[in-house]
Amino acid sequence: LRSAMETPSPVQTLTLGDVEYAVALAPVRDYSGKPIGVSVTALDRSSFTASLEAARNWSVLIGLAVLVVALGAALLLSRSVTRPIHAMTAVMGELKDGNTAVTIPGRGRGDEIGDMAEAVEVFRRGTIEAERLRNEQESLKKRSEAERSAAMVRLADEFERSAGGVVEAVAKAAGEMEQA
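Residues numbered from 1 in each chain as written. Predicted model: local features only at pLDDT ≥ 70, side-chain atom pairs only at ≥ 80, totals over all residues. Heavy atoms only, no water.

Draft legend 1. Representation of the sheet that holds strand S2 (residues 19–29) in the model. Ordered in space as S1-S2-S3, the three strands form an open sheet in which the pairing is antiparallel. Each edge of the sheet is formed by a strand with only one pairing partner; in this case those strands are strand S1 (12–16) and strand S3 (35–44). Pairwise comparison of adjacent strand axes, ignoring direction, gives a mean angle of 40° for this sheet. Strand direction decides the pairing type here: S2 and S3, joined by nine bridges, are antiparallel. Bridging from a neighbouring strand, Arg-29 pairs with Pro-35 of S3. (Pairing = 2+ DSSP bridges. Helix = DSSP H or I, 4+ residues; strand = E, 2+ residues; numbered from the N terminus. Axes fitted to C-alpha atoms, helices over the stretch in contact; angles between N-to-C directions.)

Draft legend 2. Structural context of the packing of helix H2 (residues 46–96) against helix H3 (residues 112–179). Where H2 meets H3, the closest approach of the two axes is 11 Å, and the angle between their N-to-C directions is 5°. Looking at the two axes, H2 sits roughly parallel to H3. Where H2 abuts H3, its residues Ser-80, Val-81, Pro-84, Ile-85, Met-88, Met-92 and Leu-95 lie against Ile-113, Met-116, Ala-117, Val-120, Phe-123 and Arg-124. (Parallel < 35°, antiparallel > 145°, perpendicular 65-115°, else oblique. Contact = heavy atoms within 4.5 Å.)

Draft legend 3. Expanded view of H2. Taking 1.5 Å per residue, 51 residues should reach 75 Å; H2 reaches 73 Å between its end C-alpha atoms and fits that length. Listing the buried residues of H2 in full gives Pro-84, Met-88, Val-91 and Leu-95. Elements in contact with the buried residues of H2: H3. Looking one or two residues past H2, Gly-98 carries a phi angle of roughly 100°, positive in sign. (Expected span 1.5 Å × (residues − 1). Buried < 20%, exposed > 50% of the residue type's maximum accessible area, 1.4 Å probe, protein only.)

Following this line, the structure appears as structure tokens:
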């Protein structure tokens, strides 16, 4: 009390029975400023403590609910990204193995996955075109070899006829020479 006659005390917690009180002591002064007593202010904290505890419980529940919703949203978002990428990876493996009859998943989407799918589709079309050109080149090569072989046969036949004609002429000349 002596200390409270000089300066106000800090707010302290005092428990009486099962009830908590917030207690503050302050000096009471007369008109000259001389302390003449102490004012004791006590406030029942039980409703404040109950409200604080309820607010803490609600905060924890709301925090847990937000965490569950955020994890669910993250899982859905993750699946909406990873599934198409895994599917596209499988298709790219098929393309690598030479299967160009695959369907590219994710085409027509307006996001980065759609852009990736369009790029893989360009790759697939390029692979098909390269295969077509390779087959066409192989066909041209075979046709060229067949034409060259036929030309060689024609040339050999022509040479044989020509040589046969020369041999025949030489034989005829030799026969004429022999008669002469």
